[in-house]
Amino acid sequence: KYALIVMWHVLEHIDNPVQAHRNFYSALNPGGRCVHYYASPNNLPLTLNRLLPETISAYLVKLAQPARDLEGSRGKFKAVYKMCGAPSRALSGVFEEIGYTISQHTGYIGHTYYERFKPAAMLERRLRKIIHKLQLPLTSNCLLVLEKRA
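What comes next is a walk through the structure.

Conventions we followed
Residues numbered from 1 in each chain as written. Predicted model: local features only at pLDDT ≥ 70, side-chain atom pairs only at ≥ 80, totals over all residues. Heavy atoms only, no water. Helix = DSSP H or I, 4+ residues; strand = E, 2+ residues; numbered from the N terminus. Contact = heavy atoms within 4.5 Å. Polar contact = N/O pair within 3.5 Å; in protein donor to acceptor, adjacent residues only side chain to side chain. Phe/Tyr/Trp six-rings, centres within 6.5 Å; stacked < 30°, edge-to-face > 60°. Buried < 20%, exposed > 50% of the residue type's maximum accessible area, 1.4 Å probe, protein only. Pairing = 2+ DSSP bridges. Right-handed = clockwise from strand over helix to strand, strands pointing away.

A few words on the environment of Arg33. Of note, Arg33 is situated in strand β2 (residues 28–39). Other than its neighbours up to four places away in sequence, Arg33 contacts Ala3, Leu4, Ile5, Leu28, Ser103, Val145, Leu146 and Glu147. A distance of 3.1 Å separates polar atoms of two side chains, one belonging to Arg33 and the other to Glu147.

Put into structure tokens, the structure is as follows:
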């Protein structure tokens, strides 16, 4: 049994996240935590990643990040984005039904996909402020901390 399970950009690639979370739950000690930092599809680049054929989305990633080694350790893996939304009651309910208590679920805005395209990067940075002010559920990444009830 484990006190802590940590995943960095894994959740968006899991085909059956409900079963995976049941497995994580059974592997945790009472009071143990499962921590996820995951990409959320609630923004333009990751929506395109989800909707476009893999060859086209890989091409766009290479265009946006030419130094990225897509064949090596920073490869592009198919993303399914199941249970990877912004914090919501519905998503919380799924985790609570498994038996978790949600210690933290925070959405973050912003990413680096537009950095090579300066006008788009400036626009995206300005939009972040508006999105934050209006509390829109348009997140780029989320931090989720689940705790197994003692």
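Before going further, it helps to examine the packing of aromatic side chains. According to the stated counting rule, one finds three aromatic pairs in the structure shown. Ring geometry for Trp8 versus Tyr37: centroids 4.4 Å apart, planes at 15 degrees, classification stacked. With Trp8 in strand β1 (residues 2–8) and Tyr37 in strand β2, this residue pair connects regions lying 29 residues apart in the sequence. Judged by centre distance (5.1 Å) and plane angle (90 degrees), the rings of Tyr25 and Tyr100 are edge-to-face. Within this pair, whereas Tyr25 is found in helix α1 (residues 17–27), its partner Tyr100 is found in strand β3 (residues 100–108), the two being separated by 75 residues in sequence. An identical accessibility class is assigned to Tyr25 and Tyr100; each is buried. Site record: aromatic cluster; members linked through ring pairs are Trp8, Tyr37 and Tyr108.

Next up on the list: the pairing of β1. One ladder, built from six bridges, connects β1 with β2; its direction is parallel. Bridge pairing links Tyr2 to Leu28 in β2. Handedness of the crossover joining β1 and β2 through α1 is recorded here as right-handed.

These values are about where atoms sit, not about what they do.
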